[in-house]
Amino acid sequence: MNSKNNGLFKNSALIALTMLLVFSFIACTKEGNVLEEPAGQLTEPTKAEATKAPTLTDEPAATATPIVTEEVTPEPTATFEPPAEPVAVDDGRVKNIRVGFEQVYDSEWDYDNNEVLFYYQEDYPVLDEKDAVKYPELAEAFDEFQKAAYASAKSVLSNLRECADVDKGEEYYYGPYFNSTKMLAVRTDSNLICLESNYETYSGGIHGIYGTWGYCYDPSTGKTLAITDFIVDRNAFVEYVYNDLMTRNDEDDYLLYDDMRQCVENYFDENRLCFTVGYTGLTVVFNPYEILPYAMGQTFIDIPFKGNETMFNSKYLDVPDNYMIPMNGNYTIRNDFGNDGYIDTITVYKNYFNEMEEFNSLSFYLNELPVSKEFNTPETCYDTDIYYIHCNGEDLLYIDYWFASEDDLTYVYKINMNSDGYEENAEENPYGTIDLVTDEMYMSFSGNYTYDPMNAVMYYRYDMIGTNFLKAHYAIGKDYLPVQLDLLPEFSYYFNLTARQDIPMLKVNMEDTSSKPAVEVPYTVKSGSNLRMFRTDGKSFIDFLTEEGDDFAVRMYIEELREEYPDLDYVFYDYVPLGYESFDELFDNIIYAD
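This write-up is about the structure you can find in this document.

1. Section: unusual backbone geometry
- Here Tyr 289, not a glycine, exhibits a phi torsion of approximately 80 degrees, which is positive.
- Position of Tyr 289 relative to the elements: it lies in the loop between strand 9 (281–286) and strand 10 (299–304).
- The phi dihedral of Asn 339 falls on the positive side, at around 55 degrees, and the residue is not glycine.
- Here Asn 339 shows up in the loop between strand 12 (332–335) and strand 13 (344–352).
- The class of Asn 339 is exposed, set by a relative accessible area of 54%.

Here's what the structure looks like:
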């Protein structure tokens, strides 16, 4: 709540034998109330022109307050100034940009035969709302991408429906028909946004078709970038790609072009190359039928930055010290893990054991060779979120397992590359190992975004009033585990509660995050008022937001109830407001898990 007295002092001098002084003083007190709704879904993405178009389808009400005269003795008050927005200082270093993905999805079910006739799904990129403000042109480009995805979905779904009606039952029908596109954030920083789109489609015949496309954006302009924006030495690039192709002895006899050097030159000059640019190098992709038959699959040619610096535009060699790549269902990533000038790959496979695609172990492949040991999970899983993290000079995998019991736990693995690069007689993988650092960590990254590992949002379940989760900012420490940065975690979902009675609380400054604030002003939450759970220290108090504004919080002190069950090796925690038996006594609309 803000109170401000404003004075207007006007002086007018009349050039004459006399001077007239006009004095006017206007005093007013204003009080503005705002209840800010949670930030909504950011509208997003654009398509890259150089590769392939997406195939998917109160104001606060000012309330006049009477001026307090000297005869009135006001109740004790305090001035609560809203927290000042920190001023960003540009230190010239490359910054991480938070990019995530959402999806267009639709399908049609054949109820007579109890099967899917066809389905369509396509990812599109979205920007974190704060980065959307910093990079408006990029946000606009992502918004165009989203519009294209929805528009494409309509036409593709129509085609899939027509194919299903005509072709079902034919000799070469291997339904259901589908069109699926999954995206990977290969690189997301203030110099470059690079997205990899992996698509697969089937619309009849003996097999479908699949491929990879790259989308590169200049964050400051939102414009798509071509291969010539990255390569400054065309001849060196052509020579590198050509030599790589010619050393693949098992593929020489199947190449579709007699003069592969000319082929590479044409692809470069005509801007037809599919490519992605990561943090440690550039990857050229030739999809099926481009230079090899379908049966030979895709061809990936990795050009590391290290050792080839003069080939590249130096701008794109400058990358953040720490970065993250959510694997987002694309279970292969490429990076120079050993910093030895060689682009490595890691692939993660789920070992399914039934048709419901449940699994209880993962297999890791490093540079297309297996890491000998499987990593078993303590119970059946139905999905995972996998994040590759490069921080403090180390390479990690954070894997969030979604267990059938509806719990989710994060396991941390470290990628250890052999110092000599390739060990011929290694007991396991000749390139290195992947070792478990810690298991059963009760926290996960919030959303499928490309966080800065030194400032990532993580959440964990912490039932205080009903069923809820807390979120806070963390940095990945030198022991590979997260270290909390925030003094006070916030609730990840702003549940609205309704007071069942008048509830005495304390008004506190939003910036005062101590367990005992310097200023606490008595405040009564009236019966029927709405409150939002905002933040907590997890043990002694909860701060709420009210309908009167978000520049202050109201605090309720709580106490922890602890019950131990030694026979079960289990401790039960519960919380109640001080002076009351339960939160249900005070609030309606408390949400509990089923």
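Past the structure itself, the notes keep going.
2. Remarks on the pairing of strand 29 (residues 541–546)
- Along strand 29, six of the six residues are buried, which leaves the element largely enclosed by surrounding structure.
- Relative to strand 29, strand 28 (residues 530–536) is paired through four bridges, and the arrangement is antiparallel. By the bridge assignment for strand 29, Met 533 is matched with Phe 544.
- The antiparallel hairpin formed by strand 28 and strand 29 contains four residues in its connecting segment, where Gly 538 sits at a positive phi of about 85 degrees.

3. Digging into the sheet that holds strand 8 (residues 274–277)
- Taken together, the three strands give an open sheet; going across it, the order is 8-9-10, and neighbouring strands pair in antiparallel fashion. Two strands close off the open sheet at either side, each with one partner strand: strand 8 and strand 10. Within this sheet the neighbouring strands show an average axis-to-axis angle of 20 degrees, counted without direction.
- Packed onto the sheet, helix 4 (residues 234–246) meets strand 9 and strand 10 and runs at close to 135 degrees relative to strand 10.

4. Side note on the packing of aromatic side chains
- Applying the stated rule across the entire model yields 35 aromatic pairs.
- Ring plane angle 80 degrees and centroid distance 5.0 Å describe the contact between Phe 305 and Phe 312, whose orientation is recorded as edge-to-face.
- Overall, the relative accessible area of 5% leaves Phe 312 in the buried class.
- Centre to centre, the rings of Phe 541 and Tyr 557 are 6.3 Å apart; their planes meet at 70 degrees, and the pair counts as edge-to-face. Taken together, the residues Phe 541 in strand 29 and Tyr 557 in strand 30 (residues 549–565) connect sequence positions 16 residues apart. As far as the burial class goes, Phe 541 and Tyr 557 line up, both buried.
- Put simply, the rings of Tyr 387, Tyr 398, Phe 445, Tyr 449 and Tyr 451 pair up and form one aromatic cluster.
- If you follow Arg 261 out to its NZ or CZ, it ends over the ring of Tyr 242, 4.2 Å from the centre.
- A cation over an aromatic ring shows up here: Lys 507 above the ring of Phe 552, its NZ or CZ 4.6 Å from the ring centre.

5. Quick word on the nonpolar core
- Leu 195, Tyr 398, Phe 544 and Phe 587 are the most contacted members of the largest nonpolar core, which has 79 residues in total.
- If one sorts the elements of this core by residue count, helix 2 (residues 136–167) sits on top with eleven residues.
- Those residues in contact with Phe 587, other than ones at most four positions away along the chain, are Leu 497, Thr 498, Ala 499, Arg 500, Ile 503, Met 505, Leu 531, Phe 544 and Met 556.
- Membership of the second largest hydrophobic core comes to 62 residues, among which are Phe 230, Met 311, Leu 397 and Ile 434.

6. Digging into the pattern of salt bridges
- For the structure shown, the criterion picks out 18 salt bridges.
- The partner of Asp 269 in a salt bridge is Arg 234, with the nearest N and O atoms 2.9 Å apart. Separated by 35 residues along the polypeptide, Asp 269 in helix 5 (residues 260–269) and Arg 234 in helix 4 bring together distant segments of the chain.
- Of the residues examined, Asp 269 reaches a relative accessible area of 48% and is grouped as partly exposed.
- Residues Arg 461 and Asp 463 are paired through a salt bridge, measuring 3.0 Å at the closest nitrogen-oxygen approach.
- According to the relative accessible area criterion, Asp 463 is partly exposed, its value standing at 29%.
- Salt bridges here are not isolated pairs; linked through shared partners, they connect Asp 143, Glu 144 and Lys 147.

About the thresholds
- Residues numbered from 1 in each chain as written.
- Predicted model: local features only at pLDDT ≥ 70, side-chain atom pairs only at ≥ 80, totals over all residues.
- Heavy atoms only, no water.
- Helix = DSSP H or I, 4+ residues; strand = E, 2+ residues; numbered from the N terminus.
- Buried < 20%, exposed > 50% of the residue type's maximum accessible area, 1.4 Å probe, protein only.
- Pairing = 2+ DSSP bridges.
- Axes fitted to C-alpha atoms, helices over the stretch in contact; angles between N-to-C directions.
- Contact = heavy atoms within 4.5 Å.
- Phe/Tyr/Trp six-rings, centres within 6.5 Å; stacked < 30°, edge-to-face > 60°.
- Lys NZ or Arg CZ within 6 Å of the ring centre and 35° of its normal.
- Core = buried A, V, L, I, M, F, W, Y, C linked by side-chain atoms within 4.5 Å.
- Salt bridge = Lys/Arg side-chain N within 4 Å of Asp/Glu carboxyl O.

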